[in-house]
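Take a look at the letters that make up each chain.
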Amino acid sequence: MFVIEAYRTLRDRGPYPADQVLRGLEGSFAFVVYDTQTSSVFSALSSDGGESLYWGISGDGSVVMSDDIQIIKQGCAKSFAPFPNGKPKLKFFISPIKKETYF
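Residues numbered from 1 in each chain as written. Predicted model: local features only at pLDDT ≥ 70, side-chain atom pairs only at ≥ 80, totals over all residues. Heavy atoms only, no water.

**Brief notes about unusual backbone geometry**
So, step 1. Positive phi values are uncommon outside glycine, yet Ser39 reaches one of about 55°.
So, step 2. Relative to the helices and strands, Ser39 resides in the loop between strand E1 (30-35) and strand E2 (40-45).
So, step 3. Note on Ser39: relative accessible area 54%, which makes it exposed. (Helix = DSSP H or I, 4+ residues; strand = E, 2+ residues; numbered from the N terminus. Buried < 20%, exposed > 50% of the residue type's maximum accessible area, 1.4 Å probe, protein only.)

**What about the sheet that holds strand E4 (residues 63-66)?**
So, step 1. Reading across from one edge, E4-E3-E5 is the order of the three strands in this open sheet, with antiparallel pairing throughout. The outermost strands of the open sheet, each flanked by one partner alone, are E4 and strand E5 (80-82). When strand polarity is set aside, the average angle formed by the axes of neighbouring strands in this sheet is 20°.
So, step 2. Taken together, the four bridges between strand E3 (residues 54-57) and E4 define a ladder with antiparallel strand orientation. (Pairing = 2+ DSSP bridges. Axes fitted to C-alpha atoms, helices over the stretch in contact; angles between N-to-C directions.)

**With respect to the pattern of salt bridges**
So, step 1. Tallied over the entire structure, the rule returns three salt bridges.
So, step 2. Here Asp35 ties to Arg11 by a salt bridge, and the two come within 2.9 Å at their closest N and O atoms. Taken together, the residues span a long stretch of sequence, with Asp35 in strand E1 and Arg11 in helix H1 (residues 2-13) at a distance of 24 residues.
So, step 3. Of the residues examined, Asp35 reaches a relative accessible area of 3% and is grouped as buried.
So, step 4. With relative accessibility at 24%, the residue Arg11 sits in the partly exposed group.
So, step 5. Bridged by salt links that share partners, the residues Arg11, Asp12 and Asp35 form one connected network. (Salt bridge = Lys/Arg side-chain N within 4 Å of Asp/Glu carboxyl O.)

The structure is reproduced here in structure tokens:
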């Protein structure tokens, strides 16, 4: 609930990027927030390795996210990958469709 409220507060107060929610977070976390107002998804994984999160592309082109690798394997066949963790200065990551995505 904390992440949802922090995200909502920053979104409503002005043009703050969603990643500002993460600035003060410490410890193990993984979350996915769907913003119905903007039809966007905000997700993150801590850098300490305490939690797991996976994502993939299903047969119909939908994005699937879960902390259960078996669900991802069943729903996404070969198009899945571990979600990138919150490493400082992350420049790129490998997407589920095996393309490098740069920030």
